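Structure at a glance
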Amino acid sequence: MDRRAFTKLATMAAGAAGLQGSGWGETTEGGRRLGYAAVGLGGISDIFMRACAESKSAKITALVTGHPEEKGEKYAAMYGIPKSSIYTYAEYERLAENKDVDAVYIGLPNSMHCEYTVRAAKMGKNVLCEKPMAISSAECRTMIDACNAAKVKLMIAYRVQYDPTWIQGIQLIKDGFIGELESFQGGFFNQQPKGVWRLNRKLGGGGSLLDVGIYPLNAIRHITGEEPAMYTAQVATRDHSRRFAEVEQSLEWTMKMPSGILASCGCSYGQDGPSFLTINGEKGFLQFEPGFLYDGVHLTGHAGGKTIDILGTGKAPFQFAIEADYFAQCVWENKQPESDGEEGLKDLIAIEAIYKAAGTPIA
Ligand code: NAD
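First things first, this report covers the structure right here in the doc. Being a predicted model, the structure only gives us computed values, none of them experimental.

Section: the site of the ligand
Taken together, 25 residues sit near the ligand, with G43, N110, E130, R159 and W197 positioned nearest. Between E130 and the ligand, the recorded distance is 2.9 Å, taken from a side-chain N or O atom to a nitrogen atom. Between the ligand and D211 there is a distance of 3.3 Å, counted from an oxygen atom to a side-chain nitrogen or oxygen. In isolation the ligand exposes 830 Å². Once the protein is present, 78% of that is buried. Secondary-structure elements contributing two or more residues to the shell around the ligand are α2 (43-54) and α8 (208-224). For the shell around the ligand, the class distribution of residues is 13 nonpolar, 6 polar and 6 charged. The residue makeup of the shell around the ligand includes at least three contributed by each of domain 1 (3-17 + 160-314 + 337-358) and domain 2 (22-158).

Okay, structure coming up:
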């Protein structure tokens, strides 16, 4: 599907979102929805499962959890899943026998994405994996190779790329509204309490850069179509309560694209801040703020005497429903997802370069 057709459909999705279905995948395959097994029943899987219930072409048909009797049975009752389709992690390979499972949705801590993707590929199941794709570029390559070898689809859940307001903003840029792109400023900042897996280096693979800094990074790569050529970076930890014993509290970095476009970004697990991207062109600017939240994406800007003010109307979890439906279409039509494994890999290559430029993971 070309970008224009994608934009049209996703804009239709904006209207439909929050009502019923994402509007993206109006079709089923022979009356059958794509069956997803939710792997890991934490915060993001809860949202994804709600999205599937709203979606027209996706359905949760199995659950993989460490708590089959509590979380498993609770979600099975909510979504009409038979008890026989609740699996523990040790029983993961039994998904291979479950004909109602076409794909897995991986909502596990970052360091588990690679293993559970490779194991799914070996079972012949398609994979929709949460971002960050993995905790290293080497792991990303392993995941791509495993999915290619098994001839299954691999998509990374970059929901923002499928958000209608983002698509509208990117179309404005492509149409020349702000002229030549010159620079970006972006960031995503939040607080993480002591003890969560995100602050554990082994599970998180790093700090806020992998989790939230990846949003402006991915958006800048996506909008420019370029891979960063040069980096500078600084990390700092000002909270000395040992909350950040394993990962940095805050990180600020700059990137220069091969064309000369500049970017300055920040992220943190110890600041209550915004999620935004400002895009400056020779004739004006656009800004997404909030930019990376589940709903309420707000696009403003000014160029050539014209003002832009678009408030996304879709309500959470509509971005996830679009994503679930879009991946179903990719599977049925044998199409490479726009946010495929290569896209996830490129972010990990940039993330590794940013940490290298910072010199030390904790300061
Ligand atoms: P979470 O802590 O809410 O859920 C993680 C799940 O993994 C839980 O069900 C937990 O029981 C399970 N798990 C299995 N083994 C575990 C282990 N060894 N340690 C800890 N938990 C274990 O996390 P989350 O917020 O749902 O994040 C999961 C993934 O989704 C992460 O990769 C994260 O980056 C991504 N995410 C994406 C978005 C998005 O908007 N696309 C938003 C939040 C999180």
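Overview of the pattern of salt bridges
In total, this model carries 13 salt bridges according to the counting rule given. With a closest N to O distance of 2.5 Å, R119 and E115 form a salt bridge. Placement of the pair is R119 and E115 together in helix α4 (residues 113-122), with a separation of 4 residues, close to one helical turn. Of the residues examined, E115 reaches a relative accessible area of 42% and is grouped as partly exposed. Residue R221 is joined to E343 by a salt bridge in which the shortest nitrogen-to-oxygen separation is 3.1 Å. Taken together, the positions of R221 in helix α8 and E343 in helix α10 (residues 341-358) put the pair 122 residues apart, joining distant regions of the chain. Taken together, the shared-partner salt bridges in this structure form one network comprising R221, E227, E343 and D347.

Reading guide: rules and limits
Residues numbered from 1 in each chain as written. Predicted model: local features only at pLDDT ≥ 70, side-chain atom pairs only at ≥ 80, totals over all residues. Heavy atoms only, no water. Near = heavy atom within 4 Å. Polar contact = N/O pair within 3.5 Å; in protein donor to acceptor, adjacent residues only side chain to side chain. Areas by Shrake-Rupley, 256 points an atom, 1.4 Å probe, with all protein chains shown as cover. Helix = DSSP H or I, 4+ residues; strand = E, 2+ residues; numbered from the N terminus. Nonpolar A, V, L, I, M, F, W, Y, C, P; charged D, E, K, R; others polar. Domains from an automatic or database assignment. Salt bridge = Lys/Arg side-chain N within 4 Å of Asp/Glu carboxyl O. Buried < 20%, exposed > 50% of the residue type's maximum accessible area, 1.4 Å probe, protein only.

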